[in-house]
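# Close look at the chain arrangement
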Amino acid sequence: NAGVTQTPKFRVLKTGQSMTLLCAQDMNHEYMYWYRQDPGMGLRLIHYSVGEGTTAKGEVPDGYNVSRLKKQNFLLGLESAAPSQTSVYFCASRKPLGTKNTGELFFGEGSRLTVL
Amino acid sequence: AQTVTQSQPEMSVQEAETVTLSCTYDTSESDYYLFWYKQPPSRQMILVIRQEAYKQQNATENRFSVNFQKAAKSFSLKISDSQLGDAAMYFCAYRSAGGSNYKLTFGKGTLLTVNP
């Protein structure tokens, strides 16, 4: 009963380094999302995907790239990390289209990223 | 664009008493969904309750209930018989039921402390 799994859970980077966060879901969800959570800011949408092979920008996409090569996976990449990207990152997914759906998101446990 | 406002950054309540968390939202749409999520110190995002805008009846889930005032665009969460385990950050969220329904917009959160 894995649900949404994020790896890694913690990472420390130096400015300019690159890394990829992996999100995997086993619920056959069409929609997947990457949010970042910062103190006093709530959750802000970085990028999202409405299906395999598609991605789109959210509210705060700059400095991030994403890929959805397989339906169950959604990758978030930082090509050149900056201290402003220090945050907790959440992946989420949503039920397939066509079913009765109130839009509930299922979240991963979060990944804490620190950029020094 | 839709916005969600939680005007109380922090709240506290005595164990066994009742507390109400406020949420207002701004939208020009008539059909949408509203949610309350709980984030305990474990960081996991947990859905507490959901409300469909076309339903006049307020949603309830055990000790949790909402006061949904569509005309006032208000969606408050009432927690009855508060327990120590209710201590968490609470987020209000909005999702359109229309063409832009891919996105869940969050408020900035209210940190709830439960005093024994």
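This report concerns the structure included in the present document. Keep in mind it's a predicted model, so treat the numbers as computed, not measured.

### Some words on the overall build of chain B
In terms of regular secondary structure, chain B is built from zero helices and 12 strands. Starting at the N terminus, the α and β elements of chain B follow one another as β-β-β-β-β-β-β-β-β-β-β-β. Computed over C-alpha atoms, the radius of gyration of chain B comes to 14 Å, within 12% of the 13 Å expected from 2.2 N^0.38 for 116 residues, which places it in the range of a compact globule. Principal-axis analysis of the C-alpha atoms gives chain B an extent of 45 × 25 × 20 Å. By residue count, 47% of the 116 residues in chain B fall in the buried class.

### Quick look at the nonpolar core
Nonpolar side chains in soluble globular proteins tend to be buried together. Among the nonpolar cores identified, the biggest contains 25 residues, and Tyr25(B), Trp36(B), Phe75(B), Leu77(B) and Tyr90(B) are the most heavily contacted of them. Those elements giving two or more residues to this core turn out to be strand 3 (19-21), strand 5 (32-39), strand 6 (46-52), strand 8 (64-69), strand 9 (74-79), strand 10 (88-96) and strand 12 (110-115) of chain B. In this view, Tyr25(B) contacts Thr3(B), Val4(B), Tyr32(B), Leu34(B), Phe68(B), Gln69(B), Lys70(B), Lys73(B), Ser74(B), Phe75(B) and Tyr94(B); residues no more than four positions away in its chain are not counted. Of all hydrophobic cores here, the second largest spans 19 residues; its members include Tyr33(A), Tyr35(A), Phe90(A) and Leu105(A).

Cut-offs applied
- Residues numbered from 1 in each chain as written.
- Chains lettered and ligands numbered in written order.
- Predicted model: local features only at pLDDT ≥ 70, side-chain atom pairs only at ≥ 80, totals over all residues.
- Heavy atoms only, no water.
- Helix = DSSP H or I, 4+ residues; strand = E, 2+ residues; numbered from the N terminus.
- Rg over C-alpha atoms; globule rule 2.2 N^0.38 Å.
- Buried < 20%, exposed > 50% of the residue type's maximum accessible area, 1.4 Å probe, protein only.
- Core = buried A, V, L, I, M, F, W, Y, C linked by side-chain atoms within 4.5 Å.
- Contact = heavy atoms within 4.5 Å.

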